[in-house]
Every structure is written in structure tokens, then in C-alpha cells.
Amino acid sequence: MSNSNVCSMTAFSRKEASHDWGTISWEIRSVNHRYLEASYRMPEAARSLEPTIREIIRKQLQRGKVDCNLQLRLNTVVSKNLQLNEQMLDQYLSAVNIINERIARQSADPAPVSSVDLLFRPGVIEQTETDNEQINKAALELFHDTLAEHIAHRKREGAELASFIQQRLAKIGEHVKQLRPMIPAIVQQQKEKLHAKLAELKGELDNNRIEQEITLLAQRLDVDEELDRLSTHLTEVNRALGDKGGVGRRLDFLMQELNREANTLSSKSIATETTLIAVDLKVLIEQMREQVQNIE
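All values derive from a computational prediction rather than experimental measurement. (Residues numbered from 1 in each chain as written. Predicted model: local features only at pLDDT ≥ 70, side-chain atom pairs only at ≥ 80, totals over all residues. Heavy atoms only, no water.)

> Would you explain the overall build of the protein chain in this entry?
Of regular secondary structure, the protein chain possesses nine helices and six strands. Across the 296 residues that make up the protein chain, the buried fraction comes to 35%. Taking as baseline every contact in the protein chain between residues at least 6 positions apart, the subset at least 24 positions apart corresponds to 80%. Entry remark: accessible area of the protein chain is about 17,700 Å², with carbon and sulfur atoms responsible for 49%. (Helix = DSSP H or I, 4+ residues; strand = E, 2+ residues; numbered from the N terminus. Buried < 20%, exposed > 50% of the residue type's maximum accessible area, 1.4 Å probe, protein only. Contact = heavy atoms within 4.5 Å. Areas by Shrake-Rupley, 256 points an atom, 1.4 Å probe, with all protein chains shown as cover.)

So, in C-alpha cells, the structure goes:
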């Protein structure tokens, strides 16, 4: 059976891309969580992308605490991204000339006005709107690639988890097969012991009471239903591992059911062999349950 449908909730992916205007990088981290909870860290230049990113995450992931981090490093000088507002600059120059003339009439050594100071006046240098469009387009494309890698990591780890669980399922199945033929002999042995004890009290108990005690013992030792339910749950776990979509919650429920049957077997056990098997069953189920917590 292919396990490609099982995904882990734990993964990390990172991708980086360089452009003429700078470098962008995405990091996506996720850990197990009962529901899907995503958080985003983005520079203001790309903040408008958040609703789109949020919707992509919602459609492609079902569970997990997901952290998405976008880093943007712009080049120090990108001339094509800057525009000179000549009209605004002319207005500043006219105002500076008027001020210089007035200062010249009052001072023999007027301070010169730096061209750099003029460049940093409000409105003289403008950043074109297309810059953010380029950044957003590149960031969105890189996010798709990073998320695809992230999902691939989830699937690879999910396949390993599914393999781990199936190994435990096989061991539990072997225990169930081993246990079934043992039960009749154990029950018969206990009946004989009870007969022997009751025979000592034969003068004090009537035959009806003896039969009642034997019937109660047989009922208490009967674990056929528990073994049948264990087998059914094993089949359901295997089926869930092959289902499409998130199966983590269903697997978690099945682990609880398996544990319930193992506990009942343990409580009904009166022989060393069955007690050891019941303990081993609970250990295997607990191992599976811990791994299931990481499945989406």
C-alpha cells in the first residue's frame, strides 16, 4: 500500500531568489497543532500579499502551526526604481535662490545649499509604484515554490511515520493471532481449578451455585469481542493510512479505541502469558499514538 497520502505536520523549507532590485527569501516552518494556525512576517513592501498567502495556505494545508517569514533585501542604489520630480525640484531651487538673495544682502558669506539636501526634500525623489508590483510578483512566485518544497517534506516524513505505524500494527496483529488459540486452554484450566475448589465446598454449595460460578468465570475470561474489535481497529488504521486528505484526527481516535481494548484485555487477564501480551500491546499502541500526533 502506498503511504504517499500521509503527511507530517512537522517540516521546514527555505528558498531564496536574487533580482536586479535585490534579494528575497521565504522560510516556512510548521509543527503539530490540533488545527491550522498560520502566522506571517512580511516587510511593508509586500504586506498586501498576506490575504493571498493566507488563502493559499488554507487550501493546501489542513493542520499544523505554520510560520511564514518573508525577508526582503533591496540593493543600496537602484537607479531605475527612482524618479526625479523635476517640477518639485524647480520649486525648491526657486525658493532657495530667493532665500540666498536675501541672505546675501545681509551677510557677506552666505552658506551654500547642498544638492544632496535638495534630493532629500519631500517629493523630489519618488519611488515608482511598479517596484512593489515587481516585489510582490517575485515574492508570490517564490512562495509557491517554497510551499511546494514544504509539502514535499511533509509527505516524506509522513511516509516514514506511516511505515513506523504499520510495523507496530503488524506486531499487534501477530499478538492477536498468538492470543486467540491460547484463550480456550486458559479458560478450561481456570474452570478445572474452580471445580477443584468448589468440590471442597460441595457440602456447602448446591449444584446450581456451582454452575453459576463457572458461567461467571467463563464470561469474565471471554475476550473474543475484544480481540475482534482489535482486529477491526487494525484494519481501520491501515485503511486510514491510505485515505486522501488529513487523517490525523481519525488516527488519533482509533488509537484511543485500540488502547481501550488493550486495557480491557489486561483487566481480564489471569495468566502470565496473556498479561505479558496485553502489556506489550499497550506499549505498541502508545508508540503509535505519539507518532500519530505529528500526522496532519
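> Honestly, the sheet that holds strand E2 (residues 22-31) in this entry has me stumped. Any pointers?
Across a sheet, strands are paired by hydrogen bonds formed along the backbone, either parallel or antiparallel in direction. In space, the four strands of this open sheet follow the order E1-E2-E4-E3, with mixed pairing throughout. Two strands in the sheet have a free side with no partner beyond their single neighbour: strand E1 (11-19) and strand E3 (36-41). Pairs of neighbouring strands in the sheet enclose a mean axial angle of 10°, with direction left out of account. Sheet strands touched by helix H1 (residues 50-60): E2, E3 and strand E4 (64-74). Its angle to E3, the strand with the most contacts, is close to 150°. (Pairing = 2+ DSSP bridges. Axes fitted to C-alpha atoms, helices over the stretch in contact; angles between N-to-C directions.)

> Hey, could you run me through the nonpolar core in this one?
Note on soluble globular proteins: their nonpolar side chains tend to be buried together. Counting residues in hydrophobic clusters, the biggest one holds 31 residues, and the most contacted among them are Ile165, Ile172, Val237, Leu241, Leu251, Leu258 and Met288. Listed by contribution, the elements that provide at least two residues to this core are helix H4 (130-179), helix H5 (182-200), helix H7 (224-242), helix H8 (248-268) and helix H9 (272-292). At seven residues, H4 tops the list of elements feeding residues into this core. Core analysis: the next-biggest nonpolar cluster, separate from the first, contains 22 residues, Met42, Leu49, Ile53 and Leu70 among them. (Core = buried A, V, L, I, M, F, W, Y, C linked by side-chain atoms within 4.5 Å.)

> What is the right way to look at the pattern of salt bridges in this model?
A side chain of one charge can pair with a side chain of the opposite charge when the charged atoms of the two come close. Applying the stated rule across the entire model yields 18 salt bridges. The partner of Glu27 in a salt bridge is Arg14, with the nearest N and O atoms 3.2 Å apart. Pair noted here: Glu27 is in strand E2 and Arg14 is in strand E1, with a separation of 13 residues, a long-range link. Under the relative-accessibility criterion, Glu27 is labelled buried at 17%. A relative accessible area of 35% places Arg14 in the partly exposed class. Between Glu27 and Arg29 there is a salt bridge; the shortest N-O distance is 3.5 Å. Accessibility expressed as a relative area gives 45% for Arg29, which makes it partly exposed. Through salt bridges with shared partners, a single network forms among Arg14, Glu16, Glu27, Arg29 and Arg73. (Salt bridge = Lys/Arg side-chain N within 4 Å of Asp/Glu carboxyl O.)

> Hey, could you run me through the packing of H8 against H9 in this one?
Between two packed helices, what matters for the description is the angle formed by their axes and the separation of those axes. Relative orientation of the contacting elements H8 and H9 amounts to 165°, with a least axis distance of 9 Å. In terms of orientation, H8 lies roughly antiparallel with respect to H9. The handedness of the crossing between H8 and H9 comes out as left-handed. On H9, the residues touching Gly248, Leu251, Asp252, Met255, Leu258, Asn259, Ala262, Asn263, Leu265 and Ser266 of H8 are Ala278, Leu281, Lys282, Ile285, Met288, Arg289 and Val292. Of the residues belonging to the contact of H8 with H9, the class tally is ten nonpolar, four polar and three charged. (Parallel < 35°, antiparallel > 145°, perpendicular 65-115°, else oblique. Left-handed = near helix turned anticlockwise from the far one by under 90°. Nonpolar A, V, L, I, M, F, W, Y, C, P; charged D, E, K, R; others polar.)

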